[in-house]
Amino acid sequence: MPGVKKLHQESENVSKGEYIFGHLFGAIGILAGDSRKWFCLPLFMNLQDGIQTILGWKKTDHDPQTPSHVVQMIEQGFEAAKGFGQALLLLDRYFLSVPALQRLEACHSGSEARMHLVTKAKSNVVAYERPPAKKPGRGRPPKKGKAIKLKELFSTRAADFQTATVLLYDKEQDVQFLCLDLLWGQGWYQELRFVLVVLEGRCSILVSTDLTLAATDIIRLYGYRFKIECTFREMKQVIGAFGYRFWSKSMPKLNRFLKKEEAHPLEAVKGEQHRCRIEQTVQAIEGFVMCQCIAMGLLQLIALRFSDRTPGLFFRYLRTPSLAVVSEATVAAYLRKSIFRLFVQNPHLSITKIIKSKQVPSNVDEDSLAS
């Protein structure tokens with residue numbers, strides 16, 4: 001199977017291995033819903049790592065190299081933002097990097113659309129104060145000021161923290177926060193808004209590229225980022241979006257002990273026919289997952305639109321049922337039950353007979369349409 005690579009996963013569950021072999025997907029979604037319930041409606045999902053060699057087969061020496069998946073997420077998010085004019089991209093702490101900020105600035109220079117990032121910083125993050133005024137005399141002006149280890153501010157500036165009530169994870173919670181505008185990025189030094197948050201004894205550092213956002217809004221918005229994790233879970237467990245099995249005999253055997261200095265087995269594939277088969281396998285994988293994204297979006301839209309009109313959706317036992325808007329799993333179970341009941345009650349029905357019962361235009365062959 002092409003695109004499989006060694007991945008590292010962080011988990012407190014001892015049943016999960018520290019390293020796994022699998023596909024690395026990147027997804028862009030839009031926050032859809034209302035105060036009753038929010039969904040992350042998937043817009044785009046593709047393989048973002050492990051296929052650089054395959055993508056390089058059709059490139060010439062003058063074509064740019066495939067960007068990292070961090071940069072790809074920024075590019076794909078900005079493409080989605082063009083349809084809205086302005087957007088906020090909620091990201092995990094892994095995506096706070098200088099290449100991501102540089103790519104975001106490059107996207108802004110060539111478009112009227114604007115997109116800002118709201119993400120999380122690592123606990124050992126170091127930021128800088130604004131540079132002091134240049135002293136008279138020779139020499140270039142300073143780019144940064146005093147370095148600040150933000151983790152230490154939780155104890156040294158504990159008296160400066162403010163308290164507010166914020167809606168997090170569908171319930172109001174009291175948080176303490178400290179908001180600071182500082183420079184970040186070695187050699188880049190972009191001004192970002194850092195929000196130091198204390199929630200139930202846990203300390204976190206949130207970051208926003210939008211310097212006009214209030215600290216409480218940054219905290220509330222980052223809480224919505226977890227919705228994409230819920231979407232991945234439902235796509236995996238409800239509709240089997242990652243249960244594909246697309247193999248190719250032209251793909252070399254995976255070397256699980258491949259070292260960095262060794263050549264990748266794909267580099268040994270020279271035949272045009274073998275390369276074409278591998279590329280088609282990658283297209284089949286991404287096409288299958290994109291079809292599941294469409295299915296997941298339909299389930300979410302049905303849940304938002306018809307939950308209050310169809311009491312039958314609440315037909316199964318749930319330990320913690322949502323009385324306002326049902327989940328994607330409940331909608332999928334309801335549709336399966338309704339479709340199966342339709343065919344059980346009407347055994348004479350079939351897809352062909354249903355199509356033939358509809359009026360067919362005179363310029364269309366009825367037999368070909370039924371087939």
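Here the residue numbers are simple positions, counted from 1 along each chain's written sequence. Local features in this predicted model are restricted to residues of pLDDT 70 or higher, and side-chain atom pairs are both shown and tallied only at a pLDDT of 80 or more, whereas totals for entire chains, interfaces and linings draw on every residue. Neither water nor hydrogens contribute to the side-chain values; these are computed over all heavy atoms in the structure.

**Things to note about the overall build of the chain**
A run of H or I in DSSP counts as a helix once it spans at least four residues, and a run of E counts as a strand once it spans at least two, with each numbered from the N terminus. A tally of regular secondary structure across the chain gives 10 helices and 12 strands. Dimensions of the chain along its principal axes, counting C-alpha atoms only, are 90 × 60 × 50 Å. Residue pairs in contact within the chain that sit at least 24 positions apart in sequence constitute 57% of those at least 6 positions apart. Summed over all atoms, the accessible surface of the chain reaches about 23300 Å², with 53% contributed by carbon and sulfur. The criterion used for residue contact is that any of the two residues' heavy atoms lie within 4.5 Å. Reported accessibility uses the Shrake-Rupley method at a 1.4 Å probe radius. Residues are deemed covered only where the shown protein chains occlude them.

**Here we look at the packing of aromatic side chains**
To pair, rings of Phe, Tyr and Trp, with the six-membered ring standing in for Trp, must have centres within 6.5 Å; the planes then decide the type, stacked if under 30 degrees apart, edge-to-face if over 60, and tilted in the middle. Taken as a whole and judged by the stated rule, the model has 10 aromatic pairs. Here the aromatic rings of Trp38 and Tyr224 are separated by 5.6 Å at their centres, their planes lie at 50 degrees, and the arrangement is tilted. Of this pair, Trp38 sits in strand β4 (residues 38-49) while Tyr224 sits in the loop between α5 (215-223) and α6 (227-237), placing them 186 residues apart in sequence. The buried label goes to any residue with under 20% of its type's maximum accessible area, the exposed label to any with over 50%, and the partly exposed label to all in between, with areas taken from a 1.4 Å probe on protein chains only. Looking at Trp38, the relative accessible area reads 22%, which means it is partly exposed. Of the residues examined, Tyr224 reaches a relative accessible area of 14% and is grouped as buried. Site record: aromatic cluster; members linked through ring pairs are Phe25, Phe232, Phe242, Tyr244, Phe246 and Phe288. Positioned above the aromatic ring of Tyr19, the side-chain terminus of Lys6 is 5.0 Å from the ring centre. Charge-over-ring contacts are defined here by two conditions on Lys NZ or Arg CZ: a distance within 6 Å of the ring centre and an angle within 35 degrees of the ring normal.

**Observations regarding a nonpolar patch on the surface**
Candidate patch residues must exceed 30% relative accessible area and have no salt bridge, after which like charges are joined if within 9 Å and Val, Leu, Ile, Met, Phe, Trp or Tyr side chains if within 5 Å. Within this document, salt bridges are pairs made up of a side-chain nitrogen of Lys or Arg and a carboxyl oxygen of Asp or Glu, the two lying within 4 Å of each other. Taken together, the side chains of Leu335, Ile339, Phe340, Leu342 and Phe343 present a nonpolar region at the surface, about 450 Å² in accessible area. Relative to the assigned elements, Phe340 resides in helix α8 (residues 328-345).

**Section: helix α2 (residues 69-81)**
One full turn of an α-helix is made of 3.6 residues, so residues set three or four places apart face in the same direction. The span one expects for a helix is its residue count, reduced by one, times 1.5 Å. The first and last C-alpha atoms of α2 sit 18 Å apart over 13 residues, in line with the 18 Å expected at 1.5 Å per residue. Among the 13 residues in α2, 10 count as buried, and that is most of the element. Those residues of α2 lying buried are His69, Val70, Val71, Gln72, Met73, Ile74, Gln76, Gly77, Phe78 and Ala81. In this fold, the buried residues of α2 make contact with β3 (24-33), β4, β5 (86-90), α3 (98-109) and β6 (114-120).

**Remarks on the nonpolar core**
If you look at the biggest cluster of nonpolar residues, it comprises 36 residues, and the most contacted ones within it are Ile74, Met115, Leu117, Leu150, Trp184, Phe194 and Ile205. Listed by contribution, the elements that provide at least two residues to this core are α2, α3, β6, α4 (153-156), β10 (171-184), β11 (190-199) and β12 (202-208). Not counting chain neighbours up to four residues away, the residues in contact with Trp184 comprise Leu96, Ser97, Val98, Leu101, Val125, Val126, Tyr189, Gln190, Leu192 and Phe194. Listed in part, the 32 residues of the second largest apolar core include Phe25, Ile54, Leu266 and Val331. We call a set of buried Ala, Val, Leu, Ile, Met, Phe, Trp, Tyr and Cys residues a nonpolar core when their side-chain atoms join them within 4.5 Å.

**Comments concerning unusual backbone geometry**
Its identity as a non-glycine residue notwithstanding, Tyr189 has a phi of 55 degrees, on the positive side. The residue Tyr189 is located in the loop between β10 and β11 in this model. According to the relative accessible area criterion, Tyr189 is buried, its value standing at 15%. Here Glu200, not a glycine, exhibits a phi torsion of approximately 55 degrees, which is positive. By the secondary structure assignment, Glu200 is in the loop between β11 and β12.

**So, the side chain of His23**
With respect to the element layout, His23 can be found in the loop between β2 (19-22) and β3. Among the polar contacts made by the side chain of His23, one reaches the main-chain carbonyl oxygen of Pro2 at a distance of 2.7 Å. As used in this structure description, the phrase polar contact means that two N or O atoms lie within 3.5 Å; if the pair is within protein, one of them must be able to donate a hydrogen and the other to accept it, and residues adjacent in sequence are counted only when both atoms belong to side chains. Reaching out from His23, the side chain makes a polar contact with the side chain of Tyr244 at a distance of 2.6 Å. Residue contacts for His23: discarding those within four places in its chain leaves Met1, Pro2, Gly3, Val4, Leu7, Leu47, Tyr244 and Ile285.

**A look at the confidence of the model for the chain**
pLDDT measures how confident the predictor is about each residue, on a scale from 0 to 100. Looking at the chain, the pLDDT average stands at 87 and 91% of residues meet or exceed 70. Throughout residues 358-371 the model reports pLDDT below 50, and contacts reaching past four residues in sequence, or to other chains, amount to eight contacts.

**Topic: the pairing of β12**
Paired strands are those between which DSSP finds at least two bridges. Note that β6 and β12 share three bridges and pair antiparallel. Bridged to Val118 within β12 is Ser208. Bridge count between β11 and β12: seven bridges; the pairing is antiparallel. When the bridges of β12 are listed, Leu199 appears paired with Arg202. Linkage of β11 to β12, two consecutive antiparallel strands, is achieved through a turn of two residues, within which Glu200 is found at a positive phi near 55 degrees.

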